[in-house]
Every structure is written in structure tokens, then in C-alpha cells.
Amino acid sequence: MNGESIDTSFVRDDKLMLRARGIAKTFVLHTQGGQSIPALPGVDLDVSRGECVALVGPSGAGKSTLLRCLYGNYLASAGSIQLRDDTCEQRYLSITGASAHDIMRVRRDVIGYVSQFLRVIPRVSTLDIVAEPLIARGVEVDAARARAGEWLARLNVPERLWQLAPATFSGGEQQRVNIARGLIAEHPVLLLDEPTASLDATNRHIVSEIIVEARKRGAAIVGIFHDEATREQVATRRLELEPVETPAFA
Ligand code: ADP
Ligand code: MG
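Residues numbered from 1 in each chain as written. Chains lettered and ligands numbered in written order. Predicted model: local features only at pLDDT ≥ 70, side-chain atom pairs only at ≥ 80, totals over all residues. Heavy atoms only, no water.

I keep staring at the overall build of the chain and nothing clicks. Help me out?
Scanning the chain from N- to C-terminus turns up eight helices and nine strands. Expected size for 250 residues packed as a compact globule is a radius of gyration near 18 Å; at 19 Å, the chain falls within 12% of this value. The principal-axis extents of the C-alpha atoms in the chain amount to approximately 55 × 50 × 35 Å. Every one of the 250 residues in the chain was classed for burial, and the buried ones make up 46%. A separation threshold of at least 6 residues defines the contact pool for the chain, and within that pool the share at least 24 residues apart is 70%. Approximately 12,500 Å² of the chain is accessible, and the part contributed by carbon and sulfur atoms is 50%. Of the side chains in the chain, 29 bear a positive and 31 a negative charge, and the two mean positions are spaced by 1 Å. (Helix = DSSP H or I, 4+ residues; strand = E, 2+ residues; numbered from the N terminus. Rg over C-alpha atoms; globule rule 2.2 N^0.38 Å. Buried < 20%, exposed > 50% of the residue type's maximum accessible area, 1.4 Å probe, protein only. Contact = heavy atoms within 4.5 Å. Areas by Shrake-Rupley, 256 points an atom, 1.4 Å probe, with all protein chains shown as cover. Lys, Arg positive; Asp, Glu negative; His and termini not counted. Charge placed at Lys NZ, Arg CZ, Asp CG, Glu CD.)

Right, dumping it as C-alpha cells:
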């Protein structure tokens, strides 16, 4: 712990789920002469149960980068990220200092993530892709598949597609499979990267309803939402991000 004092906020405040302080990220392009690309300047964020924070800002502002840092996909260049984890004595896990094993555990139990695009796993059926997060928690396979079917039906993914791998699906179908997989396990913390970007109005509305339901059951949500109407519907608060100023090339 390097003599750092333990933050007891997670003990005192039962609603606090995620705390980020001074999150900065600079990408270093080793294949291009070590050029540095500053993507996040140092972001502070607290998210409590029942909140949905919309990240707002132009393309390139670092919204997706922030979500990836929160999920532990990218290691932040500076700052700290704490995630509620009641299995730890101090009630939080430090994402920025966690072992791969701990990251995998909190991804199973605490923090869910819907990426902008589905990572297709060859030859695995849609039903099994969606059921997997429940199976990882020890839910029996048939029960997990039944639940996956309910999610896919609600998201209008036609039943004739459920036994197929989603590689050949349309962008909108893949996105709905991705949303079903990301929400099925009802994680207490959810990170959503443009979940409605390639959906038609009907499905966008269904996804908005699902996000509001998740919030009302107490999920703490951080999301990037494609359009203002969706933001209005789902978000309780917004956080503005701006592209980091880079010196002009000489
Ligand atoms: P947003 O989601 O707000 O559109 P991003 O987080 O995707 O923005 O990107 C922020 C900045 O970081 C951009 O300049 C982008 O080019 C850069 N960036 C994002 N990911 C990487 C990466 N893996 N390697 C290098 N640069 C990246
Ligand atoms: Mg993005």
C-alpha cells in the first residue's frame, strides 16, 4: 500500500460503487517513434447505486478510454480507481493495482461492460454467448440458456438465429446480442459504450427501458450514449470530457 492511508468511504457510504481520482491516460505509439497521444487529462468520478452518469464530449474526447480504464482493460497512466468489492476488508478493490485474478473475479461478480462492438467468438452459438456470464457464476446450463432466450426475445433477436454464431449477423443484431450478454448477470456496476448506436428507433427504445430498469434495481451505471434523446431518458447526471490539447506539430 506504500504507506497510503486506507480510504474508508466505501465502508461509510453503502451506496458508493465506483470512485475514480485523477485518471489520466497517455498512449505511447512504440511503432511510430514513441509518439505520445494524451487521451485523458485526469478525471474524477464517483458513481453510486441508482445513478447513471452519461459521458459527454466530441469524438476523441477520451470517453471510451475512460470506460476501458474503469474496466481494467487499459492501465491508467495516473490516478486511482476503486470499485466496491465487499469480499475485501476495506470494501473496495483498487482496479489500478489489482492482479489479473482479482480483475477476472470482479468482472464476474461486480462490474459488467458492454463494448461498442461485439467480440465474436467463432463457432459459439448466440444463446451460449449470452448465457456465459451466468454459467460463470455457477448457474446451471439449461437455466442460463433459458434466461438467455428471454433476453434475446426481449431484444428482438429472432429465435432462428439463437443457435448460430453471430459472425454473420447485422451490426444491430450483434449489438443486441452484446447488450443481452452484458446485462444478463445484473452486475451492480455497468459500463456501456454506445449501446444504442446502430439500433433502429424501436430497439433503441427497448434498450433505454432496460437501462432505466437496471438503474432502478440499483445498478451504478457509466455510459456513452449516441444521441441526446437516449441520454435524456436514461441518465441522472452527465460528465463532460474534452479532447486533451496537443501541441501543434512543428
Ligand atoms: P471517444 O470514445 O471519446 O471518441 P477515445 O477514448 O476512443 O475517444 O479516444 C481518445 C483519444 O485516444 C483519441 O485521440 C484516440 O485516437 C486515442 N486512442 C484511443 N485508443 C487508443 C489506442 N489503443 N492507442 C492509441 N491511441 C488511442
Ligand atoms: Mg468512443
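Looking at this structure, how should I read the side chain of Asn 178?
Within the element layout of this structure, Asn 178 appears in helix H6 (residues 171–183). Within the structure, Asn 178 has its side chain in polar contact with the backbone oxygen of Ser 115 (distance 2.8 Å). The contacts of Asn 178, once residues within four sequence positions are left out, are Val 114, Ser 115, Gln 116, Phe 117 and Leu 118. (Polar contact = N/O pair within 3.5 Å; in protein donor to acceptor, adjacent residues only side chain to side chain.)

Explanation requested: the environment of Ala 153 in the structure shown.
Its location among the elements puts Ala 153 in helix H5 (residues 141–154). Sequence spacing of Ala 153 and Gly 79 is 74 residues, and the spatial spacing of their C-alpha atoms is 41 Å.

Teacher, can you tell me more about the nonpolar core here?
It is characteristic of soluble globular proteins that their nonpolar side chains tend to be buried jointly. Of all hydrophobic cores here, the largest spans 38 residues; its most connected members are Leu 152, Leu 155, Leu 183 and Ile 221. One finds Leu 70, Ala 220, Val 222 and Leu 241 within the second-largest nonpolar core, a separate group that totals 34 residues. (Core = buried A, V, L, I, M, F, W, Y, C linked by side-chain atoms within 4.5 Å.)

Can you help me understand the sheet that holds strand E1 (residues 16–29) in this one?
Backbone hydrogen bonds are what pair the strands of a sheet, in a parallel or an antiparallel way. On the basis of which strands lie adjacent, the open sheet formed by four strands has the order E2-E1-E4-E5 and antiparallel pairing. Two strands lie at the open edges of the sheet, namely strand E2 (35–48) and strand E5 (92–94), each paired on one side alone. The sheet shows a mean angle of 25° between the axes of neighbouring strands, taken without regard to direction. Bridge count for strand E4 (residues 78–84) against E5 is three bridges, and the pairing is antiparallel. Bridge pairing in E5 links Arg 84 to Tyr 92. Against the sheet, helix H2 (residues 63–71) engages E1, E2 and E4, with an angle of about 115° to E1. (Pairing = 2+ DSSP bridges. Axes fitted to C-alpha atoms, helices over the stretch in contact; angles between N-to-C directions.)

Even after reading the chapter, I still don't get the sheet that holds strand E8 (residues 220–224), so can you show me in this structure?
If you trace the five strands from one edge of the open sheet to the other, you get E6-E7-E8-E3-E9, paired in parallel fashion. One side of each edge strand has no neighbouring strand; the edge strands of this open sheet are strand E6 (111–114) and strand E9 (237–240). Neighbouring strand axes in the sheet, compared pairwise and without regard to direction, differ in orientation by 20° on average. Bridge count for strand E3 (residues 52–56) against E9 is four bridges, and the pairing is parallel. Bridged to Val 53 within E9 is Arg 237. Of the strands in this sheet, E3, strand E7 (189–193) and E8 touch helix H7 (residues 201–216), which is tilted by about 150° from E8.

I tried to follow the pattern of salt bridges on my own but got confused; where do I start?
Taken as a whole and assessed by the stated rule, the structure comprises 16 salt bridges. Between Asp 85 and Arg 105 there is a salt bridge, with the nearest N and O atoms lying 3.0 Å from each other. Placement of the pair is Asp 85 in the loop between E4 and E5 and Arg 105 in helix H3 (residues 100–109), with a sequence separation of 20 residues. Here the two residues Asp 85 and Arg 105 agree in accessibility, since each one is buried. Close ionic contact of Arg 154 with Glu 209 constitutes a salt bridge, the shortest N to O distance being 3.8 Å. One end of the pair, Arg 154, is in helix H5; the other, Glu 209, is in helix H7, and 55 residues separate them in sequence. The class of Arg 154 is partly exposed, set by a relative accessible area of 32%. For Glu 209, a relative accessible area of 34% gives the class partly exposed. (Salt bridge = Lys/Arg side-chain N within 4 Å of Asp/Glu carboxyl O.)

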